[in-house]
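# Per-entry structural report
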Amino acid sequence: MAAPASPDSAVKQRLVIENCAVATVDAQDTEYATGHVVVADQVIESVGAGKAPEGLENVVRRIDGTGHLVTPGLINTHHHFYQWITRGLATDHNLFNWLVALYPTWARIDAPMLAAATQGSLGMMVKGGVTTASDHHYVFPQGSGDLVSAELAAVAEIGARITLARGSMDRSEKDGGLPPDFAVETTEGALLATEEAIDTHHDASFGAMVQIAAAPCSPFSVSTELMRQGAELARRKGVRMHTHGSETVEEEKFCHELFGMGPTDYFESTGWLGDDVWMAHCVHMNDSDIAAFARTGTGVAHCPSSNARLAAGIARVPDMLAAGVPVGLGVDGTASNESGELHTELRNALLINRLGAHREAALNARKALRLGTYGGAQVLGRTSEIGSLEAGKLADLVLWKLDGLGHSSIADPVTALVFGPAAPVTLSLVGGRPVVEDNHLSNVDEDTLARTARAEAQRLARIAAGG
């Protein structure tokens, strides 16, 4: 699996990981009980069994991976970073009541709050093996500052890749929506701001650290006009599209009452099905809905912990996969998944789906790992770059420590990773650069992140209470 040598191969700096189990998550699910990965600058140069090739030049670091498993970096396909500073609230609510309870607080965030929440949310995920994340940010209060730039600056400090889904809401309570009137943008303002974010920040090149998606929030907080024009804008600009879909039975009822059709038919009528679209949740999908997603290549961000936290239901992930629907995993906002780690979603996706119709045949450990890696790359449109360990792809990978007490009696490393307790991360690379070493963030101080997030959460609570 080695890439052809290039004329300038001698000047490349190489990092070698050896003596570890390897799960490539390639098309053949190739695994090595003892193997190696060679990184040359920002890309994977070779992956294979046994020791790394002899005679490699410019090896600046060599890691003995004994007792470890190396996998592709995890890819989080749905999140709301800002919610890190409103964790632990409305813990006994369903989705609609939870939103009504929290929108008045969320509508008072500003740039420093979002920066602190971003680093708390992303830092926790990166510590747990995430190398690429998607954040759906849709709350833009007037006078709150340049929230997009504030978030991206905070992400850059940690060093992960980001797809920032620039969200929007223009359907408030007075229009029959859920957000308070002061928490939404105008339709024109939302479209202009989304286009500005794309023009300023989107990078379509190989190895991009920042990509932007157009992302009106949901059918119950967005006008039909914003949905239609948002789709037109995204396709004119060549970026992906993201929204929430079919999350709850209440949403389905809302769509039938307001639009005279179910969510999937409504999305299709507004241009929101296609292989450039992915949707969060998709819990309440019938056979016709799944067929429409499969026919159009529309992707799904499966968020099992949040769906359970808000009593939304169990998404039909095995049926989606069988139909050919691209499916990745999402943490969702940490106000509905307080742990904030994608590793827990590997385990919960497997366990929760076994409570459904397919029972023990629903998912296994390797299918769960694929959801969290290659499946995520599919829905974000980046399978040529990330999601599997293959020569020529970006060196986004995680070295999991599996020789401690928590995994000591599980022989199969992939089973240990998915079924077992959270595995410590010895090393995580993004484009060959460390973002985690010895279970600690490489580029930021975790204690400082915690203090800053706590202070901003307290400030937001005071403002929301009128203090």
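Keep in mind that what you see is a predicted model, and the values were worked out from it rather than measured.

## A look at the layout of surface pockets
Roughly 260 Å³ of volume is contained in the largest pocket. Residue lining of the largest pocket: 15 residues in total, with Trp84, Gly120, Glu446, Leu449 and Ala450 positioned closest to the centre. Counting residues per element, the ones that place at least two in the lining of the largest pocket are helix H2 (111-127) and helix H14 (446-464). Here the lining of the largest pocket gets six residues from one element, more than from any other, and that element is H14. In terms of residue class, the lining of the largest pocket is made up of eight nonpolar, three polar and four charged. Here the second largest pocket defines a volume of roughly 220 Å³. Along the walls of the second largest pocket sit 13 residues, with Asp146, Val148, Arg166, Ala193 and Glu196 positioned nearest its centre. Those elements giving two or more residues to the lining of the second largest pocket turn out to be helix H3 (147-158) and helix H4 (187-201). A per-class count over the lining of the second largest pocket returns five nonpolar, four polar and four charged.

## A short note on the nonpolar core
Core analysis: the biggest nonpolar cluster contains 110 residues, and Trp98, Trp106, Leu122 and Met320 have the highest contact counts within it. If we ignore the near neighbours within four places in the chain, the residues touching tryptophan 98 are Gln83, Leu89, Ala90, His93, Trp106, Arg309, Leu310, Ala335 and Ser336.

## Examining the pairing of strand E14 (residues 397-401)
For E14, the tally of buried residues reaches four of five residues, placing the bulk of the element in the interior. The pairing of strand E5 (residues 68-72) with E14 spans five bridges and is classified as antiparallel. From the neighbouring strand, proline 72 faces E14, where its bridge partner is leucine 397. Relative to strand E15 (residues 425-430), E14 is paired through four bridges, and the arrangement is antiparallel. Note that in E15 the partner of leucine 399 across the bridge is leucine 427.

## Let's talk about H3
Helix length check: H3 (twelve residues) gives 17 Å between terminal C-alpha atoms against 16 Å at 1.5 Å per residue, within 8%. All of the buried residues in H3 are Leu147, Val148, Ala150, Glu151, Leu152, Ala154, Val155 and Ile158. Where H3 is buried, its residues touch H2, strand E7 (130-137), strand E8 (161-168), H4, strand E9 (210-216) and strand E16 (433-437). Residue glycine 159 follows H3 closely and has a positive phi angle near 105 degrees.

## A short note on the packing of aromatic side chains
Scanning all chains against the criterion turns up nine aromatic pairs. With a centroid separation of 3.8 Å and an interplanar angle of 5 degrees, the aromatic rings of phenylalanine 259 and tyrosine 266 are classed as stacked. For the residue pair phenylalanine 259 and tyrosine 266, the accessibility class agrees, reading buried in each case. Ring centres of tyrosine 266 and phenylalanine 267 lie 6.2 Å apart, and the angle between their planes is 50 degrees; this geometry places the pair in the tilted category. Connected via pairs of aromatic rings, a cluster forms that spans Phe96, Phe220, Phe254, Phe259, Tyr266 and Phe267. The ring of tryptophan 84 has arginine 87 lying over it, and the distance from NZ or CZ to the ring centre is 3.7 Å. Above the plane of the ring of phenylalanine 140 lies arginine 166, whose end atom (NZ or CZ) is 3.6 Å from the centre.

## Points about empty space enclosed by the protein
Tallied over the entire structure, the rule returns four cavities of 30 Å³ or more. Of the volumes computed, that of the largest cavity is approximately 110 Å³. Lining the largest cavity we find 15 residues, and of these Leu95, Trp98, Leu99, Tyr138 and His244 sit closest to its centre. When residues in the lining of the largest cavity are grouped by element, the largest group, four residues, is from helix H1 (residues 95-106). Class assignment for the residues of the lining of the largest cavity results in eight nonpolar, five polar and two charged.

Rules used in this analysis
Residues numbered from 1 in each chain as written. Predicted model: local features only at pLDDT ≥ 70, side-chain atom pairs only at ≥ 80, totals over all residues. Heavy atoms only, no water. 1 Å grid on protein atoms, 1.4 Å probe; cavity = no way out; pocket = protein on both sides within 12 Å on 5 of 7 lines; lining within 4 Å. Points joined across faces, edges and corners; volume = space filled by probe spheres on them. Helix = DSSP H or I, 4+ residues; strand = E, 2+ residues; numbered from the N terminus. Nonpolar A, V, L, I, M, F, W, Y, C, P; charged D, E, K, R; others polar. Core = buried A, V, L, I, M, F, W, Y, C linked by side-chain atoms within 4.5 Å. Buried < 20%, exposed > 50% of the residue type's maximum accessible area, 1.4 Å probe, protein only. Contact = heavy atoms within 4.5 Å. Pairing = 2+ DSSP bridges. Expected span 1.5 Å × (residues − 1). Phe/Tyr/Trp six-rings, centres within 6.5 Å; stacked < 30°, edge-to-face > 60°. Lys NZ or Arg CZ within 6 Å of the ring centre and 35° of its normal.

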